[in-house]
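So the chains spell out like this:
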Amino acid sequence: MTDGPEIWLLTGHLPFGAKSRYCRSDHSLQQGRRPVDHQVKYLLDESELPRQWYNVIPDLPSPPPPPLHPGTGQPVGPDDLAPLFPIALIAQEVSPDRFIDIPDSVVDIYRLWRPTPLYRARRLEKVLGTPARIYYKYEGTSPAGSHKPNTAVPQAYYNAAEGVTKLTTETGAGQWGSALAFASALYGIACEVWMVRASYDQKPYRKLLMEAYGATVHPSPSDVTSAGRAVLADHPDSTGSLGIAISEAVEVAGSDPAARYALGSVLNHVLLHQTVIGEEAIKQLAQAGDTPDVIIGCTGGGSNFSGLVFPFLREKLAGKINPVLRAVEPAACPSFTRGVYAYDFGDTAGFTPLLKMHTLGHDFVPDPIHAGGLRYHGMSPLLSHIYELGLMEAVAKPQSECFEAGVLFARTEGILPAPEPTHAIAGCIEEALRCKESGEEKVILTALCGHGLLDLTAYANFQSGQMKDFELPVEAVEAALSKLPAGV
């Protein structure tokens, strides 16, 4: 006899909202395989918390192209980056070392939430009627509710160690801004955040969370900076973009000797810090006696996906395992699947070095979809390089399919996902249903990079039928790409 919620899911009669495409009206799902064991959580002791970050670059067949100075066209050096980043992070950005020790102070703070749990999504598997085994690494247990503190804490630590008294940053959905505000408070550093206007309006509680941690928050574009004022002069109703918000944060940091800039994704040192996710997941899957066949993650700038995947990619390059690595991005901002691999600015105003990455063009302003953390015009240069090497693949999905997957996940696994990881969940469900057709018992791994408890407005929008999918016009992409820097 199943309990009430399971009956709703099995029959397709949901207690609230629209019927899901994934539910079935027959009861054959109840007759699926019953595994010998029923373990759901795979936990590590604090003593097993990783003490080193993993740098994938030395293990790649070739190194990624370097960032270039926009004025000279030559690779940037430490002096070029010193106005924005502390020397320790600059060193990590170009480090040749495979492993970098995590400072004791950072480990002590990591212990607040790390190691994070790995879950077997047994109830989701049952409702889908799939022979696949689905695991998710849950990063929503951090104080800020996402994977972002994995890098916010070390960034605040290294800045504080060099005497920095203020950090500036951008944020899309507010996950990164919340994480940096939390970390800055722990180290006694002021934090100033430019939040993309669309998310600033959609997600007021993220702003309040940042302010509770002590941060100052501006909607972007703002009238605080010359970059913001320039955008508002041309587009007074601009919904903003991460590229614009980066320009504003970089402008303020660059003009204040006591301030530095902190980035929540894209750069090598950020991806490096996130590898604690994958290092833990390797140990936890070993507990479960499984090896991943497919690893799926959402991608905007690439930090969450890279944090999960890079340690497994190390094992793949060593010939020990051979999983498919699949990135899922929003159809409204598809830098992998519709962008080009080229040198481009990381921000709209052109303040940053030129980065070789998959890009839609630094002038591209995406539709204000609810997955605000995935609305970035470019992809991590390191992840873009790995994609070019053929070591991973990418797909794009519309937000309505992703929210439908997120609702099903909530009604089976109990966790309401943030809009960003619903893209990965939709990818996992798609793969699991393929396994149902083929009979393959694949092991699917993903990272649930954050909860959606501050994104309820987005779910209300979906369940009321107001959410619309945006079809990105070819002309919009071509127009933005036409403004790529020339001569590089």
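Residues numbered from 1 in each chain as written. Predicted model: local features only at pLDDT ≥ 70, side-chain atom pairs only at ≥ 80, totals over all residues. Heavy atoms only, no water.

Enquirer: Go over the sheet that holds strand β1 (residues 41-42) with me, naming the residues and quoting the values.
Expert: Strand order across the open sheet formed by seven strands is β1-β4-β5-β15-β10-β11-β14, with mixed pairing between neighbours. Whereas interior strands pair on both sides, the edge strands pair on one side only; in this sheet they are β1 and β14 (393-397). Here strand β10 (residues 294-298) runs beside strand β11 (residues 324-330); their pairing, made up of five bridges, is parallel. Residue pairing in the sheet places Cys 298 in a bridge with Val 328 of β11. (Pairing = 2+ DSSP bridges. Helix = DSSP H or I, 4+ residues; strand = E, 2+ residues; numbered from the N terminus.)

Enquirer: Just give me the short version of the pairing of strand β5 (residues 133-138), but keep the residues and values in it.
Expert: The buried fraction of β5 amounts to six of the six residues, a majority that puts the element mostly inside the structure. Going residue by residue along β5, you find Arg 133, Tyr 135 and Lys 137 tucked away on one face and Ile 134, Tyr 136 and Tyr 138 tucked away on the opposite face as well. Across three bridges, the pairing between strand β4 (residues 118-120) and β5 is antiparallel. Residue pairing in the sheet places Tyr 119 in a bridge with Tyr 136 of β5. Two elements, β5 and strand β15 (residues 443-448), share six bridges in a ladder whose sense is parallel. Note that in β15 the partner of Lys 137 across the bridge is Ala 447. (Buried < 20%, exposed > 50% of the residue type's maximum accessible area, 1.4 Å probe, protein only.)

Enquirer: Could you give an account of helix α18 (residues 419-438), with specific residues and numbers?
Expert: Its 20 residues give α18 an end-to-end C-alpha distance of 29 Å, which sits within 8% of 28 Å, the value for a rise of 1.5 Å per residue. Of the residues flanking the end of α18, it is Gly 439, one or two places downstream, whose phi is positive at about 80°. (Expected span 1.5 Å × (residues − 1).)

Enquirer: Describe the sheet that holds strand β6 (residues 166-171), listing the residues and the values that go with them.
Expert: The strand order across the open sheet built from four strands is β8-β7-β6-β9, with neighbouring strands paired in parallel fashion. Looking at strand neighbours, the two that pair on one side only are β8 (216-220) and β9 (259-261), the edges of this open sheet. The mean angle between the axes of side-by-side strands here comes to 20°, regardless of whether they run parallel or antiparallel. Here β6 pairs with strand β7 (residues 190-196) via six bridges, running parallel. In the strand pairing of β7, Lys 166 is matched with Ala 190. In the packing of helix α7 (residues 175-187) onto the sheet, the strands contacted are β6 and β7, and the crossing angle to β6 comes to about 165°. Against the sheet, helix α11 (residues 242-254) contacts β6, β7, β8 and β9, and its axis sits at roughly 170° relative to β6. (Axes fitted to C-alpha atoms, helices over the stretch in contact; angles between N-to-C directions. Contact = heavy atoms within 4.5 Å.)

Enquirer: Can you tell me about the packing of aromatic side chains, naming the residues and giving the values?
Expert: Evaluated as defined, the whole model comprises 14 aromatic pairs. Their ring planes at 75° and their centres at 5.7 Å tell us that Tyr 110 and Trp 113 sit as a pair that is edge-to-face. Tyr 110 sits in the buried class, given a relative accessible area of 0%. For the pair Tyr 136 and Phe 409, a centre-to-centre distance of 5.0 Å together with 75° between the ring planes defines the contact as edge-to-face. (Phe/Tyr/Trp six-rings, centres within 6.5 Å; stacked < 30°, edge-to-face > 60°.)

Enquirer: Now, about empty space enclosed by the protein: what can you tell me, with residues and values included?
Expert: One pass over the full model with this rule turns up five cavities of 30 Å³ or more. Estimates place the volume of the largest cavity at around 360 Å³. Lys 148, Ser 265, Gly 301, Gly 373 and Leu 374 are, among the 31 residues lining the largest cavity, the residues nearest its centre. Only β6, α7, α11, α14 (303-317) and α18 provide two or more residues apiece to the lining of the largest cavity. (1 Å grid on protein atoms, 1.4 Å probe; cavity = no way out; pocket = protein on both sides within 12 Å on 5 of 7 lines; lining within 4 Å. Points joined across faces, edges and corners; volume = space filled by probe spheres on them.)

Enquirer: Which residues make up the nonpolar core, and what values go with them?
Expert: Counting 55 residues, the largest nonpolar core has Tyr 261, Phe 310, Leu 313 and Ile 386 as the members making the most contacts within it. No other element matches α11, which puts seven residues into this core. For Phe 310, the residues in contact, after removing those within four places along its chain, are Tyr 54, Val 56, Leu 271, Thr 275, Leu 382, Leu 383 and Ile 386. Residues Leu 89, Ala 144, Val 217 and Ala 262 belong to the second largest nonpolar core, which totals 35 residues. (Core = buried A, V, L, I, M, F, W, Y, C linked by side-chain atoms within 4.5 Å.)

Enquirer: Now, about the environment of Gly 307: what can you tell me, with residues and values included?
Expert: Along the chain, the position of Gly 307 falls in helix α14. Spatially, the C-alpha atoms of Gly 307 and Met 467 are 30 Å apart, while their sequence positions differ by 160 residues. Once residues lying within four places of it in the same chain are set aside, the contact partners of Gly 307 are Gln 274, Thr 275, Ile 277 and Gly 278.

Enquirer: Requested: an account of the side chain of Thr 299, with residues and values cited.
Expert: Within the fold, Thr 299 resides in the loop between β10 and α14. The residues contacting Thr 299, other than those within four sequence positions of it, are Phe 305, Ala 327, Val 328, Glu 329, Pro 330, Phe 336, Leu 374, Met 379 and Leu 383.

Enquirer: Before we move on, can you summarise the packing of α7 against helix α9 (residues 204-212) with the specific residues and values?
Expert: At a closest axis distance of 8 Å, the pairing of α7 and α9 adopts a crossing angle of 10°. The orientation of α7 relative to α9 falls into the category roughly parallel. Contact residues: Gln 175, Gly 177, Ser 178 and Ala 181 in α7; Arg 206, Leu 209 and Met 210 in α9. (Parallel < 35°, antiparallel > 145°, perpendicular 65-115°, else oblique.)

Enquirer: Quick one: what's the story with the layout of surface pockets, residue by residue and with numbers?
Expert: Taken as a whole, the second largest pocket holds about 390 Å³ of empty space. Considering the residues around the second largest pocket, the lining is formed by 22 residues, among which Pro 66, Pro 67, Glu 93, Val 94 and Asn 268 are closest to the centre. Of all the elements in the fold, those that place two or more residues in the lining of the second largest pocket are α2 (78-81), α3 (87-93), β13 (354-359) and α16 (381-388). Grouping the amino acids of the lining of the second largest pocket by side-chain chemistry returns 17 nonpolar, three polar and two charged. (Nonpolar A, V, L, I, M, F, W, Y, C, P; charged D, E, K, R; others polar.)

Enquirer: Let's hear about the confidence of the model for the protein: which residues, and what values?
Expert: Averaged over all residues, the pLDDT of the protein equals 91, while 93% of them reach at least 70. Of the regions scoring below 50 in pLDDT, residues 1-19 engages in 37 contacts with residues more than four places distant in sequence or in other chains. (pLDDT = per-residue confidence, 0-100.)

Enquirer: Which residues make up the environment of Ser 247, and what values go with them?
Expert: Along the chain, Ser 247 turns up in helix α11. As a C-alpha pair, Ser 247 and Ala 227 span 20 residues in sequence and 6.3 Å in three-dimensional space. Not counting chain neighbours up to four residues away, the residues in contact with Ser 247 comprise Ala 227, Asp 347, Thr 348, Ala 349 and Phe 351.

Enquirer: Run through the pairing of β11, naming residues and quoting values.
Expert: Burial analysis of β11 places six of its seven residues in the buried class, which makes it a mostly covered element. Of the crossover connections in this fold, the one passing from β10 over α14 to the parallel β11 is right-handed. (Right-handed = clockwise from strand over helix to strand, strands pointing away.)

Enquirer: Describe helix α13 (residues 276-288), and please don't skip the residues or the numbers.
Expert: Counted at 1.5 Å a residue, the expected span for α13 with its 13 residues is 18 Å, and the 19 Å between its end C-alpha atoms agrees. All buried positions along α13 are accounted for by Val 276, Ile 277, Gly 278, Glu 279, Glu 280, Ala 281, Gln 284 and Leu 285.

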